Amino acid sequence: QRLDIVIFDLDGTLYSRSNGFAEHMRENILEFMKSYLNIENPELIWEPLFHKYNQSLRALESLGHSFDREQYWNEARKGAEDFIGPAPAGLVELLGSLPQDKYVFTNCHEKHAKDALDILGIS
């Protein structure tokens, strides 16, 4: 049976989870919670909410916080270029050799997904 499409996850699939970016984003999100939402000790509430909602943005909105989503994503994913480098050797060629349509799924904002793909050299 022929596959018509191939779907990839972005974070932790097209680039390694071991690059430190997930931890960096968590620190950015905790800082956002302190600075923009005035949440004291955000580390105490972040983890259980993240596990419940599988996304910090949804978790914060579930608490009734109102904020600019674009600003949230800008703060959460800033510094990506320091952690996400060019794609590992052979990945771009491998993806290019697949005849199927390719799609990337992610929990992050589309702009930031495109930025990560640009950093990787995958478009």
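Residues numbered from 1 in each chain as written. Predicted model: local features only at pLDDT ≥ 70, side-chain atom pairs only at ≥ 80, totals over all residues. Heavy atoms only, no water.

Visitor: Any chance you could explain the overall build of the protein here in plain terms?
Guide: Broken down by element type, the protein carries 6 helices and 2 strands. Overall, the protein shows an N-to-C arrangement of helices and strands of β-α-α-α-α-α-β-α. Principal-axis analysis of the C-alpha atoms gives the protein an extent of 50 × 30 × 25 Å. When burial is assessed residue by residue, the protein has 36% of its 123 residues classed as buried. (Helix = DSSP H or I, 4+ residues; strand = E, 2+ residues; numbered from the N terminus. Buried < 20%, exposed > 50% of the residue type's maximum accessible area, 1.4 Å probe, protein only.)

Visitor: Hey, could you run me through the packing of helix α1 (residues 21-35) against helix α2 (residues 43-53) in this one?
Guide: The packing of two helices is summarised by the inter-axis angle and the distance between the axes. With their axes 10 Å apart at the nearest point, α1 and α2 run at an angle of 120° to one another. Between α1 and α2, the angle falls in the class oblique. By crossing handedness, the relation of α1 to α2 is classed as right-handed. For the pair α1 and α2, the contacting residues are Arg26, Ile29, Leu30, Met33 and Lys34 in the first and Glu43, Ile45 and Trp46 in the second. Tallied by class, the residues present in the contact of α1 with α2 amount to 5 nonpolar, no polar and 3 charged. (Axes fitted to C-alpha atoms, helices over the stretch in contact; angles between N-to-C directions. Parallel < 35°, antiparallel > 145°, perpendicular 65-115°, else oblique. Left-handed = near helix turned anticlockwise from the far one by under 90°. Contact = heavy atoms within 4.5 Å. Nonpolar A, V, L, I, M, F, W, Y, C, P; charged D, E, K, R; others polar.)

Visitor: Explain the nonpolar core to me, please; I cannot follow it from the model alone.
Guide: Nonpolar side chains tend toward joint burial in soluble globular proteins. Ranked by size, the top nonpolar core spans 31 residues in total, and within it Leu10, Leu14, Leu60, Tyr72 and Leu120 carry the most contacts. Of all the secondary-structure elements, those providing two or more residues to this core are β1 (5-9), α1, α3 (56-62), α4 (69-76), α5 (91-97) and α6 (110-120). (Core = buried A, V, L, I, M, F, W, Y, C linked by side-chain atoms within 4.5 Å.)

Visitor: Just to check I follow, could you spell out α4 for this structure?
Guide: The α-helix advances 3.6 residues per turn, and as a result positions three or four apart in sequence lie on the same side. All of the buried residues along α4 are Tyr72, Trp73, Glu75 and Ala76. Across the axial projection of α4, the buried residues extend over an arc of 165°, all falling on one side. In this structure, the buried side of α4 is in contact with α1, α3 and α6. Taking the backbone nitrogen of glutamate 70 as reference, a side-chain oxygen 2.8 Å away marks aspartate 68 as the first, capping residue of α4. (Arc of directions from axis to C-beta. Polar contact = N/O pair within 3.5 Å; in protein donor to acceptor, adjacent residues only side chain to side chain.)

Visitor: Even after reading the chapter, I still don't get the environment of tyrosine 53, so can you show me in this structure?
Guide: Here tyrosine 53 shows up in helix α2. Among all residues touching tyrosine 53, those that are not within four sequence positions of it are Arg58, Ala59 and Ser62.

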